[in-house]
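Structural features, examined
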Amino acid sequence: MQIQLTNTLTRRKEAFAPADPSRVTMYVCGPTVYNFAHIGNARPPVVFDLLFRLLRHTFGEQAVIYARNYTDIDDKIIAASLERGVPIGDITRAVEQAYETDMGALNVLTPTVRPRATENVSAMVEVIAKLIAKGTAYVVPSGVYFSVAADADYGKLSGRSQDELKAGARIEGEDDKRHPSDFALWKMAKPGEPQWQAPFGAGRPGWHIECSAMIESELGSPIDIHGGGIDLIFPHHENEIAQSESAHGHALAHVWMHNGFLTMDKEKMSKSLGNIITPRELLQQGWHGETIRWALLSAHYRAPLDWNEDLLKQAQASLDRLYGALLRLKDVPPAQAEAPSAFVAALADDLNTPVAIAELSALATAANIAKKPAEQSKAKGELAAAAALFGVLQDDPEHWFRASFGDQAAEIDSLVADRVAARAAKDYATSDRLRDELAARGVEVMDSPSGSTWRRKG
Ligand SMILES: [Zn+2]
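Residues numbered from 1 in each chain as written. Predicted model: local features only at pLDDT ≥ 70, side-chain atom pairs only at ≥ 80, totals over all residues.

A word on the overall build of the protein chain
Counting secondary structure elements, the protein chain contains 16 helices and 15 strands. Judged by the C-alpha coordinates and their principal axes, the protein chain covers about 90 × 50 × 35 Å. Taken over 458 residues, the protein chain has a buried fraction of 44%. For the protein chain, long-range pairs separated by at least 24 residues make up 73% of all intrachain contacts whose partners lie at least 6 apart in sequence. (Helix = DSSP H or I, 4+ residues; strand = E, 2+ residues; numbered from the N terminus. Buried ≥ 20, exposed ≤ 12 C-beta atoms within 10 Å, placed from the backbone. Contact = placed C-beta atoms within 7 Å.)

Topic: the sheet that holds strand 8 (residues 203-205)
Consider a sheet: its strands pair through backbone hydrogen bonds, and that pairing is either parallel or antiparallel. Strand order in this open sheet of 4 strands is 5-6-7-8, and the pairing throughout is antiparallel. Taken across any chain shown, the strands that pair with only one partner, and hence form the sheet edges, are strand 5 (137-140) and strand 8. Here the strands of the sheet are splayed against their neighbours by 20° on average, with no regard to which way each runs. Bridge analysis of strand 7 (residues 183-188) against strand 8 gives 3 bridges, and the strand direction is antiparallel. Bridge assignment links Lys 187 to a residue of strand 8, and that residue is Arg 204. (Pairing = 2+ DSSP bridges. Axes fitted to C-alpha atoms, helices over the stretch in contact; angles between N-to-C directions.)

Side note on the domain arrangement of the protein chain
Annotation of the protein chain at the domain level lists domain 1 (4-259), domain 2 (264-398) and domain 3 (407-456). Domain 1 and domain 2 are separated by 31 Å when their C-alpha centres are compared. With 25 residues of domain 1 at the interface, the matching set in domain 2 holds 27 residues. Listed by contribution, the elements that provide at least two residues to the side of domain 1 that touches domain 2 are strand 1 (4-7), helix 1 (43-59) and helix 3 (88-105). For the side of domain 1 that touches domain 2, the element with the highest residue contribution is helix 1, accounting for 9 residues. (Domains from an automatic or database assignment.)

Comments concerning unusual backbone geometry
Where the residue is not glycine, phi is negative for most of them; where a peptide bond is considered, it is trans in most cases. Looking along the chain, the bond that leaves Ser 221 and enters Pro 222 is cis, with omega of -5°. For Pro 222, the location among the structural elements is in the loop between helix 6 (207-218) and strand 9 (223-229). Across the junction of Phe 234 and Pro 235, the peptide omega takes the value 0°, indicating a cis bond. Mapped onto the fold, Pro 235 is located in helix 7 (residues 233-248). Phi is positive for Leu 393, which is not a glycine, with a value near 60°. If you trace the backbone, Leu 393 turns up in the loop between helix 13 (373-390) and helix 14 (397-405).

Comments concerning the pairing of strand 5
Along a regular strand, successive side chains alternate from one face of the sheet to the other. Judged from the 4 bridges that link them, strand 5 and strand 6 (residues 143-146) form a sheet pairing that is antiparallel. Each residue of the ladder has a partner; that of Val 139, found in strand 6, is Val 144. The hairpin turn running from strand 5 into strand 6, its antiparallel successor, is 2 residues long.

What about the environment of Ile 77?
Within the fold, Ile 77 resides in helix 2 (residues 75-84). When the C-alpha atoms of Ile 77 and Ile 91 are compared, they prove to be 7.7 Å apart, with 14 residues separating the residues in sequence. Ignoring anything within four residues of it in the chain, the contact list for Ile 77 reads Tyr 34, Asp 72, Ile 88, Ile 91 and Thr 92.

Here it is as structure tokens:
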């Protein structure tokens, strides 16, 4: 199936054609590992995980190489390390571990490679040395800077002109750089800070050069797809392009994809507003990882997404319906099936998740109304295949419903068992009373030849 993707660079939706279909390459900017990522930071890894799954489905599992990095050296990490008096590695490894655990709970597949910035500094030094030799970078006492004026193409991703940049240049780096919009490739060593040796002076890399160098050393450029949040278009991705293309003389990436902002109750999420929530907190509150994943995918990835409790409740209700269909067909073996083409077509259309979700819902309906065993088996197989591609329905249906009732699940189990016993004894008065009691707790009992199961009432 032909995949269409919106390319920020050309501002168009385009047919995706990898340079080599047996080696499809994708890079997504990963987290700066100094504290827990908030829910807005979880949107890119989930969105691009879905794209990773679609690419694997289309080109073959072994054909897709996906790199997502860890930025494990940065001002905030150094500040935290100095404040707590521990080496930066102690902080970054612990945060990395937590990040992997949380992403695993959201059914995010492990990327093919997960390079760390600190393990690729020699590749960064190499690119910087190349840029200095070409005259597009210069050395001053505070560091090495990229000269924006030396790059005629600068601004092509964000659509900002050189004049605009001059007018609104943000100050980044020290006073000794030649132009306000020049950006740091290398920061010269300061006492007490981690540092690496380089021919142009000991120091540490700037953020932008990290990704440029890791793309080159892990994947080789040009890569097929480069992704990240919309907030990274400028300056981060603009600067990645400037550095890499100036150093290597060819494109860094063919397709640039950006996911939209996530707001919290219609406000920008920020520490100062105190409206930040992390996936870890949501999981601790009892929300299932698949519910969080579904909520993050409920809007088209390019659209803004407003995060709130209702969004999670709706996501849970949608998944209840899907899990309910599986539970109803618990005794039916699923047929070997491919994800139906209407579902795959929705994803192939620039990851149109709202349409894909409607297709999943239609598959659940088909499973619910199927009567003959062969129809039920086919419907169950198709629902399972589509859901697997979407990264949901990976839990056991009974566990799914039990998990959301927390401590109450065991009590509900015993009420259901009492009701089964009452029915067996033909004590219908007790059986009806227990059914009403369960209903009052929001539980619906489903009786089948192999026994009774329960789920949350829809
Ligand atoms: Zn990056």
